[in-house]
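# Architecture and fold: a report
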Amino acid sequence: MIADFKASINVNLDKWLVNLSEIDPPENVKHFLALGPKYVYPLTDKTFCAKHILMEIESIVGSLSTNIRDRARATNILTNFLTENSPPTWLESHLITCQRQTVKFLKENSNIIVTKADKGSTTVIMKKEIYVNKAEDMLKDIDTYKSFGNNKDKTNYVQNIMNNLLKDLLNKNFINDIEFKRLINHNTVISKAYFLPKIHKTDVPLRPIISSVGAATYGISTHFAKMLAVAFDSRTDYNVKNTFQFVEEVRGLELPQGYVIVSLDVVSLFTNVPISLVLEIISENFDYVLEHFDVDKDLFFRAISVICDSTYFTFNGVTYKQIFGTPMGSPISPILAQIVMDHVLNKILPTLDFELPFLKKYVDDIITSIPENSLDSILDSFNKFNKYIQFTLERETNNAVPFLDTKVIRNIDNKIEFDWYAKPTFSGRYVHFTSSHKIKHKINTVLAMKYRVGKISEPGLVDVNLKKLKAIFVANMYPPKLLNKLLFGVMTVNGDVADRTDNNEDADPPIYKKLIYIPGLTEKLVKMFKNHCNLENTKIVEHYPRKSQSIFTNLKDPTPLPYKSGIVYSISCGGCGGCYVGQTSQWLKKRISKHRSDIRCNKRSCALAQHSLDNGHIFDFDNTKVLDVSNNYHNRVFLEMFHIAITNDTVNYRTDIDSLSNIYALIFDFCKNKSKNSDVSLVA
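These numbers come from a predicted model, not from an experiment. (Residues numbered from 1 in each chain as written. Predicted model: local features only at pLDDT ≥ 70, side-chain atom pairs only at ≥ 80, totals over all residues. Heavy atoms only, no water.)

### Some words on the overall build of the protein
Here is the rule we go by: The helix count covers DSSP runs of H or I at least four residues long, the strand count covers runs of E at least two residues long, and both are numbered beginning at the N terminus. Relative accessible area decides the class of each residue, using a 1.4 Å probe on protein chains only: under 20% of the type maximum gives buried, over 50% gives exposed, and in between gives partly exposed. Each accessible area is a Shrake-Rupley result for a 1.4 Å probe, and residues are judged covered by the shown protein chains and nothing else. Just so you know, the count uses Lys and Arg for positive and Asp and Glu for negative, and it drops His and the chain ends. Here the site of a charge means atom NZ of a Lys, CZ of an Arg, CG of an Asp or CD of a Glu.
Within the protein, the regular secondary structure consists of 23 helices and 20 strands. Expressed as lengths along the three principal axes of its C-alpha atoms, the size of the protein is roughly 90 × 65 × 60 Å. When burial is assessed residue by residue, the protein has 50% of its 684 residues classed as buried. Element-wise, carbon and sulfur atoms account for 49% of the exposed surface of the protein, whose accessible area totals about 33700 Å². Where the 83 positive side-chain charges of the protein centre and where its 74 negative ones centre are 7 Å apart.

### So, the packing of helix H17 (residues 459–475) against helix H18 (residues 480–488)
Convention followed: Here the axes come from fitting lines to C-alpha atoms, over the contacting stretch only for helices, and the angles between their N-to-C directions go from 0 to 180 degrees. An angle counts as roughly parallel when it lies under 35 degrees, as roughly antiparallel when it exceeds 145, as roughly perpendicular when it falls between 65 and 115, and as oblique in every other case. Should the near helix be turned counterclockwise from the far one by less than a right angle, the crossing is left-handed, whereas a clockwise turn marks it as right-handed. For this analysis, residues touch if any pair of their heavy atoms sits within 4.5 Å. Think of it as three bins: nonpolar holds Ala, Val, Leu, Ile, Met, Phe, Trp, Tyr, Cys and Pro, charged holds Asp, Glu, Lys and Arg, and polar takes everything else, Gly as well.
Where H17 contacts H18, the axes come no closer than 10 Å and their chain directions differ by 150 degrees. Taken as axis vectors, H17 and H18 run roughly antiparallel relative to one another. The handedness of the crossing between H17 and H18 is right-handed. Within the contact between the two elements, H17 uses Asp 463, Leu 466, Lys 467, Leu 469, Lys 470, Phe 473 and Val 474 and H18 uses Pro 480, Leu 483, Asn 484, Leu 487 and Phe 488. Residues that form the contact of H17 with H18 fall into these classes: 8 nonpolar, 1 polar and 3 charged.

### Looking at the pattern of salt bridges
The cut-off we apply is this: Should a side-chain nitrogen of Lys or Arg be within 4 Å of a carboxyl oxygen of Asp or Glu, the pair is scored as a salt bridge.
One pass over the full model with this rule turns up 21 salt bridges. For Lys 438, the salt bridge goes to Glu 542, with nearest N and O atoms at 3.2 Å. Of the two residues, Lys 438 sits in the loop between strand E15 (416–420) and helix H16 (439–456) while Glu 542 sits in strand E17 (residues 538–543), which places them 104 residues apart along the sequence. On the basis of relative accessibility, which here comes to 17%, the residue Lys 438 falls in the buried class. With a shortest N-O distance of 3.5 Å, Lys 467 and Asp 463 are connected by a salt bridge.

### Considerations on the pairing of E15
To keep things clear, this is the line we draw: In short, DSSP must find at least two bridges between two strands for them to pair.
Burial within E15 is extensive, with 4 of its 5 residues counted as buried. As judged from the 5 bridges shared by strand E14 (residues 406–410) and E15, these two strands associate in the antiparallel manner. Opposite Thr 406, over in E15, you have Trp 420 as the bridge partner. Here E14 folds back onto E15 in antiparallel fashion, the turn holding 5 residues, of which Asn 414 has a positive phi close to 65 degrees.

### Quick look at the sheet that holds strand E6 (residues 206–211)
Ordered in space as E4-E9-E8-E5-E6, the 5 strands form an open sheet in which the pairing is mixed. Both outer strands of the open sheet, strand E4 (145–150) and E6, are each paired with one neighbouring strand and no more. Each neighbouring strand pair of the sheet contributes to a mean axis angle of 35 degrees, computed without reference to strand direction. Bridge analysis of strand E8 (residues 312–315) against strand E9 (residues 318–322) gives 4 bridges, and the strand direction is antiparallel. Bridge pairing links Thr 314 to Thr 319 in E9. On the sheet, helix H6 (residues 128–139) packs against E4, strand E5 (191–197), E6, E8 and E9 and is oriented at approximately 150 degrees with respect to E8.

### Overview of the environment of Lys 38
Within the secondary structure layout, Lys 38 lies in the loop between helix H2 (27–34) and helix H3 (47–63). The exposure class assigned to Lys 38 is exposed, which follows from its relative accessible area of 59%. Taking the C-alpha atoms as reference points, Lys 38 and Ser 435, 397 residues apart in sequence, are found 8.7 Å from one another. The residues touching Lys 38, leaving out its near neighbours within four places in the chain, are Ser 435, His 437 and Lys 547.

### Notes on the sheet that holds strand E2 (residues 112–116)
Read from one edge to the other, the open sheet built from 3 strands follows the order E1-E3-E2, with strand pairing classed as mixed. The sheet terminates laterally at strand E1 (17–19) and E2, the two strands that pair on one side only. Going across the sheet, the axis of each strand differs from the next one's by a mean of 20 degrees, ignoring polarity. The strands touched by H6 within the sheet are E2 and strand E3 (123–127), with E3 carrying the most contacts at an inclination of about 90 degrees.

### Topic: the packing of aromatic side chains
Note the following rule: Classification of ring pairs rests on two measures: the distance between centres of Phe, Tyr or Trp rings, Trp counted by its six-membered ring, which must be within 6.5 Å, and the angle between planes, read as stacked under 30 degrees, edge-to-face over 60 and tilted in between.
Under the criterion given, the structure shown has 32 aromatic pairs. Between Phe 148 and Tyr 312 the ring centres are 5.7 Å apart and the planes differ by 45 degrees, which places this aromatic pair in the tilted class. One end of the pair, Phe 148, is in strand E4; the other, Tyr 312, is in strand E8, with 164 residues separating them in the sequence. When the ring of Tyr 563 is compared with that of Trp 587, the centres are 4.8 Å apart and the planes differ by 85 degrees; the resulting orientation is edge-to-face. Here Tyr 563 is found in the loop between E17 and strand E18 (567–572), whereas its partner Trp 587 is found in the loop between strand E19 (579–584) and helix H20 (588–600), with 24 residues between them in sequence. Comparing Tyr 563 with Trp 587, the two get one shared label, buried.

### A closer look at the pairing of strand E7 (residues 259–266)
Most of E7 sits out of view: 7 of its 8 residues are buried. Of the pairings in the sheet, the one linking E7 to strand E11 (residues 365–371) comprises 7 bridges and is antiparallel in character. By the bridge assignment for E11, Leu 264 is matched with Ile 366. Note that E7 and strand E12 (residues 391–395) share 5 bridges and pair antiparallel. Note on E12: the bridge partner recorded for Val 266 is Phe 391.

### Remarks on H20
As a reminder, the rule being used: A helix's residues, less one, multiplied by 1.5 Å, set its expected span. By definition, the arc is the one covered by directions from the helix axis to the C-beta atoms.
When the terminal C-alpha atoms of H20 are compared, their 18 Å separation across 13 residues agrees well with the 18 Å that a helix rising 1.5 Å per residue should span. Those residues of H20 that sit buried are Leu 588, Arg 591, Ile 592, His 595 and Asp 598. Down the axis of H20, the sector holding all buried residues measures 120 degrees, keeping them to one side. Asn 602 occupies a position one or two residues after H20 and carries a positive phi of about 60 degrees.

### Digging into the packing of helix H7 (residues 155–171) against helix H9 (residues 216–232)
Two measures define how a pair of helices packs: the angle their axes make with one another and the distance between the axes. Taken N-terminus to C-terminus, the directions of H7 and H9 make an angle of 35 degrees; their axes are 8 Å apart at the nearest point. Contacts between H7 and H9 involve Val 158, Gln 159, Met 162, Leu 165, Leu 166 and Leu 169 on the former and, on the latter, Ala 216, Thr 217, Ile 220 and Phe 224.

### A short note on unusual backbone geometry
If you check the backbone angles, Asn 398 has positive phi at about 55 degrees while not being a glycine. Tracing the sequence through the fold places Asn 398 in the loop between E12 and strand E13 (400–403). The backbone of Asn 414 shows a phi angle near 65 degrees, a positive value even though the residue is not glycine. Tracing the backbone through its elements, the reader meets Asn 414 in the loop between E14 and E15. Asn 414 sits in the buried class, given a relative accessible area of 5%.

### Quick notes on the side chain of Ser 548
Here Ser 548 shows up in the loop between E17 and E18. In contact with Ser 548, not counting residues within four places along its chain, are Phe 32, Gly 36, Pro 37, Tyr 39 and Tyr 41.

### Some details on the side chain of Lys 198
Along the chain, Lys 198 falls in the loop between E5 and E6. For the buried Lys 198, which has no salt bridge, the nearest side chain bearing the opposite charge is Asp 118, at an N-O separation of 5.1 Å. Excluding anything up to four places from it in sequence, Lys 198 contacts Asp 118, Val 204, Pro 205, Leu 206 and Arg 207.

### Some thoughts on the nonpolar core
Inclusion rule: What makes a nonpolar core is a set of buried Ala, Val, Leu, Ile, Met, Phe, Trp, Tyr and Cys residues whose side-chain atoms join them at distances within 4.5 Å.
Residues Phe 224, Leu 228, Ile 282 and Phe 300 are the most contacted members of the largest nonpolar core, which totals 66 residues. The element contributing the most residues to this core is helix H14 (residues 333–348), with 9 residues. Contact partners of Phe 300, with chain neighbours within four places excluded, come to Phe 174, Phe 224, Met 227, Leu 228, Ile 282, Phe 286, Val 289 and Val 295.

Structural data, given as structure tokens:
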């Protein structure tokens, strides 16, 4: 089995792993990294998941019409799992070894980074210095970015700008009280930039990505994006939402004689769309907005301007602002780009001296058919429209042009046909069969691709493409017999991944509850809940805690400790060696400020303040530790109680864990004993 595993990796190693550094990792490290960030490796320490399993059990039990017996049943299943001593298989032992060697290798070689490629599902190793230098060279473009240097944190500044804007929107009835409460910002973080290597291009340039989830601009950007989508999304028939829609609308279309298929692509669209052009287009078509919303035009434009002018982010400890283009990583950028692209097409197409039999667009990718002698003129027409928005053109090769994951073919009768297409950048890596995913998920991956190939390909090409698909999955160690059954057998109703609709439209939407998937444990828990609990409208969704993503380099700047929120924390007492465990939804700096204030003002509002005032002890606030992170209040309270229960010498009140079920006591003892003798953190 191990030999087969190594052989399957070695065959695909050049596609699955690209090493741009000067360091040659050991074979096991290369194999493990080649499996990709979504690979789920075997559980190496049961305590890693114990607290999270308990937290999720408590969340499920708390939402159901259940009783203490159900909590006891779940706890018994977990206790049996934690205490049983079943040895890992040979392959599991090998994977655990590979994982540990990889962690050690990356710690010893901090001058390299491991990330995924921009396209193609490939793992990339590169020197950290080269990565940082290339990224900073991009950020030196003074026409697009402005640097504020080190220690220029803009978190509070941006939060205040967005909240003041929201107050204005509320006061002028642009949003209601419910929307205001949903959008108002508390304890946000600043956006963070990271970059993905374009390994398919010369000199491996980087593609910038701004992560704005949790930023002050995120909620209000989403709100305005939805408004603009309602107003502008259906104004043209150019746009397609996915491959299936594109194929359905264009398949069988007959092209005029002398016409060829071409595709056009915009160079770096988001960073090259002038906001002034966006506002001009929306202003010209503001009636579209008024058809759906009774809003003040001036306030509407001020809001969009403020949002687009507040794209602050950090990279490598330096704060930047994007000063040109639509804000990268913002929910509002795709619809702004679409509005501009539709405007470009609406202005250019009427000026052409020939008819287009069809034109379809997906974001910034356009495909159409034009007279063969008009290739240069159409590109020139597009590139003259705006000096910032520049296009490249690809003409058909062998009567075909790739678009999305299709090959658009002009057949001998000048009609359009389709074939499934995988770009040259595609590595052929899917979830490896040895990954600790549920077998159902692996099967559904195969069936989803079978469905996709069948919908895209012409009937005469389906069988050929399914054979290609089989070869790809065999390379990912899927058993050939299983693939033959899935790909070439009759697809069952349960396995059919075609679009499904819920006939009961009046039914309440289900409540989803997460449960970590651990082979041999999660199945038993789910079965117990189904057999003994009234799940009613609750659906349990498994998720995976041990993905290789956790080992890959975190390219985003860490959130500064004072600005961490939604955390469980620990503060040591300098007088007695004990500690206080607490939780907060606020920025940590606000919570610590409250602790200091309580002590200074002689307020015994919590165990920390009372301990300090009664004993004259001083807490080491400057070295506060984050134990866990959760934005869910109930989960965070449970995690707080968990850490109080397993930590010796806490100064917390015993009442702080009164609501913690005694049923969990044995598991807490297990985790406490394991944590004493293990160098593996309990923090997931």
